[in-house]
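# Reading the structure
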Amino acid sequence: MSDPIDVTPEDYPRKVLFVAGAGRSGTSTMAGLMSILGLHVPQPEVDADETNPKGFGEPRWVVDHHDRLLKAALVQVSDARPEAWFETGRISTREPERIKTAQWLGEQFEVSRELVVKDPRLSWFLSLWRVAAIRNDATPVFATMLRPPAEVVGSKQKYYANRLGSAHLAASWLNMLLHTERATRESVADGGRVFVRYADLLDDWTKTTMWVGERLQLQGVLHANSEQIRDGHRFVDPSLRRMGQSLADLNLPPKLHELTEETWTELNKLAEPDGDTADVHATLDQLREAYVDLYAEAEAISRSSVVAAEQATRAQLKRPQVPGPEAAGEPTRVADRIPHGLRAAIPPSVRRGLRKAAGRAR
């Protein structure tokens, strides 16, 4: 453990903490604590609501930025397709987006030398943000939150009224965590990433956040005072762990259940003090490849569902429009009338062709 730098906050080295991981995995709690302990959440923030009454810790600009980029890439927030990483990676290499992201981040460093950026969409664009930090002479560091996949699935179904089913949500968790781990591996050599169990944060947040502060050399955390610690105690609610279901309760297809269980076991090793090892990386690489293979098999088998969705879309496009659907509270676009699961299964190239046929191509 190195000693905290004995300087004032105005002289701290520039650093930005990116809180990554699947939605409903404790990212808001981590970002909120980091804000209380001295890191700056760029303003304005997304407003709190009934799904997260203590706040999300998400900069509004970042959420809007990611939403726009995901739409351009034709990727969902909880996308289970391994191919989705290629699409968002392609967007992240566009120089205009790199310039825009770096300029915004640079403006935030005028407010504080240590920032925390969090959004469930963040993992899709980690390379974009790494470049933005480096262009601002700042060190990017990463904290990935870990929560049992069954709890993440249950929380999304409860608070987001998610209708895509347990199998889809478990697959999207796998896709997100396996690729987030790979995307942050570049920071292993310089100690720039940590994995944090949500349960550890709720059980003893002071011990867990101080460990994060020491590992990532976050000066605000290392210099936190007693008043900030008291605020942290008021902020953390141990009862936040409200999901009690297990992986067996999800009734997943056997191979998906097996991969999810094995991945959770390996990710937990990364949360140990000396667990971020080459052996664990190799195992996670194998699991990621196995998931890619499983998804490819599922796509091949479900081709009939994709064709049916295409046919349903074309049939709807040929039908005369009935006036007044808004008044009845019905979807006004053809795509909105097709079940979300089928829309997600349609390959991006097919979706672009359908949008062109509907006269909505850019």
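Residues numbered from 1 in each chain as written. Predicted model: local features only at pLDDT ≥ 70, side-chain atom pairs only at ≥ 80, totals over all residues. Heavy atoms only, no water.

### Observations concerning the overall build of the protein chain
Assigned secondary structure in the protein chain consists of 16 helices and four strands. Burial status across the protein chain gives 51% buried among its 362 residues. Here the protein chain has roughly 17100 Å² of accessible surface; of this, 51% comes from carbon and sulfur atoms. (Helix = DSSP H or I, 4+ residues; strand = E, 2+ residues; numbered from the N terminus. Buried < 20%, exposed > 50% of the residue type's maximum accessible area, 1.4 Å probe, protein only. Areas by Shrake-Rupley, 256 points an atom, 1.4 Å probe, with all protein chains shown as cover.)

### Brief notes about helix 11 (residues 226–235)
Regarding helix 11, the residues found buried are Gln-228, Gly-232 and Phe-235. One face of helix 11 carries all of its buried residues, which in axial projection span an arc of 60 degrees. Summarising the geometry of helix 11, the exposed residues directed more than 90 degrees from the buried face are Glu-227 and Arg-234. (Arc of directions from axis to C-beta.)

### Notes on the sheet that holds strand 4 (residues 193–197)
Hydrogen bonds between backbone atoms are what pair the strands of a sheet, whose relative direction is either parallel or antiparallel. The strand order across the open sheet formed by four strands is 2-1-3-4, and the pairing between neighbours is parallel. Looking along the sheet, the strands with just one partner apiece sit at the ends: strand 2 (114–118) and strand 4. Going across the sheet, the axis of each strand differs from the next one's by a mean of 20 degrees, ignoring polarity. In this sheet, strand 2 lies alongside strand 1 (residues 15–20) in parallel orientation, the contact comprising five bridges. Residue pairing for strand 2: Phe-18 is matched across the bridge by Val-117. (Pairing = 2+ DSSP bridges. Axes fitted to C-alpha atoms, helices over the stretch in contact; angles between N-to-C directions.)

### Some details on the environment of Trp-264
Looking at the element boundaries, Trp-264 is found in helix 12 (residues 254–270). Aside from chain neighbours lying at most four places away, what touches Trp-264 is Leu-146, Arg-147, Pro-148, Pro-149 and Trp-173. (Contact = heavy atoms within 4.5 Å.)

### Looking at the packing of helix 9 (residues 205–216) against helix 11
Between helix 9 and helix 11, whose axes approach to 11 Å, the crossing angle comes to 120 degrees. The angle between helix 9 and helix 11 places the two elements in the oblique class. The crossing of helix 9 and helix 11 is right-handed. On the side of helix 9, the interface is formed by Trp-205, Thr-206 and Met-210, while helix 11 contributes Ile-229, Gly-232 and His-233. (Parallel < 35°, antiparallel > 145°, perpendicular 65-115°, else oblique. Left-handed = near helix turned anticlockwise from the far one by under 90°.)

### Regarding the confidence of the model for the protein chain
Close reading of the predicted structure is inappropriate where its pLDDT is low. Scored by pLDDT, the protein chain comes out at a mean of 87, with 84% of its residues at no less than 70. Below a pLDDT of 50 lies the segment residues 325–345, which in the model reaches 29 contacts outside its immediate sequence neighbourhood of four places, other chains included. In the predicted structure, residues 357–362 sits below a pLDDT of 50 and forms nine contacts with residues beyond four places in sequence or in another chain. (pLDDT = per-residue confidence, 0-100.)

### Considering the side chain of His-179
Looking at where His-179 falls in the secondary structure, it is placed in helix 7 (residues 166–183). A polar contact of 3.3 Å, which involves the side chain of His-179, links it to the side chain of Trp-85. In this view, His-179 contacts Trp-85 and Arg-288; residues no more than four positions away in its chain are not counted. (Polar contact = N/O pair within 3.5 Å; in protein donor to acceptor, adjacent residues only side chain to side chain.)

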